[in-house]
Amino acid sequence: MGFLDALLGRTKPVLPKLDNLFGLPSAAITLQAATDYLPTGVGSVCFRAAEGKAFSDIEKDVTDLLNMGENKTPIKVTSDSYGYTWVVATHATDDIEGLVTDLHAVNYSLEGGGFGPQLLCTILGFTDQAKHPLGLVYLYKRGTFYPFAPRPGENRDNATELRIKGVLVNDLKFESDLSRWFPVWGAPGL
Amino acid sequence: MARTHYATDRGLIARMGATLFLIGLVFTAFIIAIVLLLANFTSVSGDGIIFIAVLAGVAISFGSYYWSDKIALATAGAQLVTPQQAPELHGVVDRLCALADMPKPRVAIAPTDMPNAFATGRSSKVAVLCVTEGLLRRLDTNELEGVIAHEMSHVAHKDVAVMTIASFLGIMAALLVRFAFYSELFGGGGRDRGRGGGGGDQNTFPVVLAVMAVGIVVYAISFVLIRLLSRYRELSADRSGALLTGQPSALASALVKVSGDMSRIPTRDLRAAEPLNAFYFAPALSGKQGQGQWSLSNLFSTHPSLEKRLKALDEISKQLSSSGSGS
């Protein structure tokens, strides 16, 4: 926000950066080769639902759009304890590209409806042999990724997260500011 | 092509710009008046007053700006809290920061029952957000989020710097009056450093009086203007906060809850409340602030009236509800 904008209180909404999502399929392959984390086939988009008819119309359009097509697991729309909405899509574990395309469709529709600023993040779920969950979180407003490895009791496995970052640093753009690696407790699919 | 629902409120921005301009204008007039007085006035006590007032004004303003976070926290008796101590609060702040692409401020809780929240700090890096326990008890998560978004908008708009600079003039003018008064009280009559012989006393007294008069007038005008500016900044923060969360009615509901008057929306069933309707007690507020803008309390208050804030938030609600029509 420019100085004059700040001075006059003209907040410009931060627009999301959508396209970096498409680095995820190749990142999933790298992860599979270098670690024992496999994709769960579950991906979700998190956004702050706005009030009003305009938004609920778009939400409905998006779910209808994603539910079209044969043999697909239906989309789940849930809301969490903070009041944010999650759209959860499930694909076959080897169809990460289809999953990312679906997630991108959600973002694109919301942005087209003028609700880009409401987008918070996207998470792609992974799990290893010991059933530990891992999420690759994409922050829309920064256009960067960070790993999130929750453990029971609202703990994070920071060592694993840093290791994953090291493995994937060439496939994805990671968030360099560690203070922005926000935990997303209770995210669906993790 | 993305439409936007963030229609700028041009009227508010224009009024804020005009207020800032007026404050600058008064500041300039003040400087000119002082310079003119100085040109006719060579006594040491006069120069001393003005110099000390300016110096003290600068020191106070700069100090309160630079250490605003420490001062505010100490005044409120607030304690910084870690994510483990207040997980829900930190979670709300985390998400808002990710949504607004802002660095996360430090979070503190003040042990007061009076519901209140503030954010301060001269830059985003040293910003601190404080909520009282009373606020956490009264509001649910949605409303809390609206209030925190409002406070974080203050940080984003650099309100600490703006209000410090704007009130610097008022501080200086007030100090000038005070020093002139004391110098006249303690030093007047004996000092004879005016030009020529014998005319010193007569020169000193009226000029010091003139300095005091200028100071008083400037202080009065700047006081009113600064309060006006503060009210516009509050409306602006309301607007930014509501647009960030996309839930203006959550913030409206929080304002109503926190306003300290009896709650507007009753919780008792109409049938149970029927006997009370016979004694029609209007809300304590509607007498004063329901009327037009010119009452004294409205002129001097730092926050806009509740009605005005709710009306502005309703506007945003309407904008968000308009489907099909762009901003």
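Before any of the text, the structure's been laid out above.
Right, let's walk through the structure included here. Just so we're clear, the structure is a prediction, and the values are computed from it rather than from any experiment. Within each chain, residue numbers correspond to sequence positions counted from 1 in written order. Chain letters and ligand numbers both follow the written order, the letters beginning at A and the numbers at 1. Reporting of local features is limited, given that this is a predicted model, to residues whose pLDDT is at least 70; pairs of side-chain atoms are given and counted only at 80 or more, and all residues count toward the totals for whole chains, interfaces and linings.

A look at the interface of chain A and chain B
Thinking step 1. The contact criterion used is a C-beta to C-beta distance within 7 Å, with each C-beta placed from the backbone. Taken together, the 35 residues of chain A in the interface contact 39 residues of chain B.
Thinking step 2. At the level of elements, helix 1 (3–7), helix 3 (53–67), helix 4 (96–112) and strand 4 (119–127) of chain A are the ones that each hand at least two residues to the side of chain A that touches chain B.
Thinking step 3. Each helix is a run of DSSP H or I of at least 4 residues and each strand a run of E of at least 2, with the numbering of both proceeding from the N terminus. The dominant element in the side of chain A that touches chain B, judged by the number of residues it contributes, is helix 3 of chain A, at four residues.
Thinking step 4. Residues that form the side of chain A that touches chain B fall into these classes: 16 nonpolar, ten polar and nine charged. Residue classes follow a fixed rule: Ala, Val, Leu, Ile, Met, Phe, Trp, Tyr, Cys and Pro count as nonpolar, while Asp, Glu, Lys and Arg count as charged, and any other residue, Gly among them, counts as polar.

Points about the packing of helix 4 (residues 87–100) of chain B against helix 6 (residues 141–156) of chain B
Residue and element names in this part refer to chain B.
Thinking step 1. It is at 10 Å that the axes of helix 4 and helix 6 come closest, and there the two elements cross at 55°. Comparing the axis directions of helix 4 and helix 6 gives the class oblique. Two packed elements cross with a definite hand, and for helix 4 against helix 6 that hand is right-handed. Residue-level contacts link E88, V92, V93, L96 and A100 of helix 4 to T141, L144, E145, I148, A149 and M152 of helix 6. Helix axes are fitted only over the stretch in contact, all axes being lines through C-alpha atoms; the angle between N-to-C directions runs from 0 to 180 degrees. By the definition adopted for this analysis, an angle is roughly parallel if under 35 degrees, roughly antiparallel if over 145, roughly perpendicular if from 65 to 115, and oblique otherwise. Handedness of a helix crossing follows the sense of rotation of the near helix relative to the far helix, less than a right angle counterclockwise being left-handed and clockwise being right-handed.

Considering the environment of T63(A)
All names here are of chain A.
Thinking step 1. By the secondary structure assignment, T63 is in helix 3.
Thinking step 2. In this structure the C-alpha to C-alpha distance between T63 and V77, which are 14 residues apart in sequence, comes to 8.2 Å.
Thinking step 3. Apart from the residues within four sequence positions on either side, T63 is in contact with I75 and V77.

Digging into the pairing of strand 3 (residues 84–90) of chain A
Residue and element names in this part refer to chain A.
Thinking step 1. Buried means a residue has 20 or more other C-beta atoms within 10 Å of its own C-beta, exposed means 12 or fewer, and partly exposed covers the counts in between; C-beta atoms are placed from the backbone. Most of strand 3 sits out of view: five of its seven residues are buried.
Thinking step 2. In this description, strands pair whenever DSSP reports at least two bridges between them. Sheet topology note: the strand 1 (residues 38–48)/strand 3 ladder contains seven bridges and is antiparallel. Its bridge partner being in strand 3, C46 is matched across the sheet by W86.
Thinking step 3. Summarising the sheet, strand 2 (residues 76–79) and strand 3 pair through four bridges and their orientation is antiparallel. Directly across from S79, in strand 3, lies its bridge partner T85.
Thinking step 4. Hairpin geometry of strand 2 and strand 3 is characterised by an intervening segment of four residues between the two adjacent antiparallel strands and by a positive phi of about 85° at G83.

As for the pairing of strand 1 of chain A
Residues and elements named next belong to chain A.
Thinking step 1. Most of strand 1 sits inside the fold, with nine of its eleven residues counted as buried.
Thinking step 2. Pairing analysis gives seven bridges linking strand 1 to strand 4, with the strands arranged antiparallel. Paired with S44 across the two strands is I123, which belongs to strand 4.

Observations regarding the sheet that holds strand 3 (residues 117–120) of chain B
All names here are of chain B.
Thinking step 1. The four strands are arranged 1-2-4-3 in an open sheet whose pairing can be described as mixed. On the outer flanks of this sheet lie strand 1 (79–80) and strand 3, each paired with one strand and no other.
Thinking step 2. The pairing of strand 3 with strand 4 (residues 128–132) spans four bridges and is antiparallel. Paired with T120 across the strands is V128, a residue of strand 4.
Thinking step 3. Contacts between helix 6 and the sheet are confined to strand 3 and strand 4, with strand 3 contributing the most and set at about 25° to the helix.

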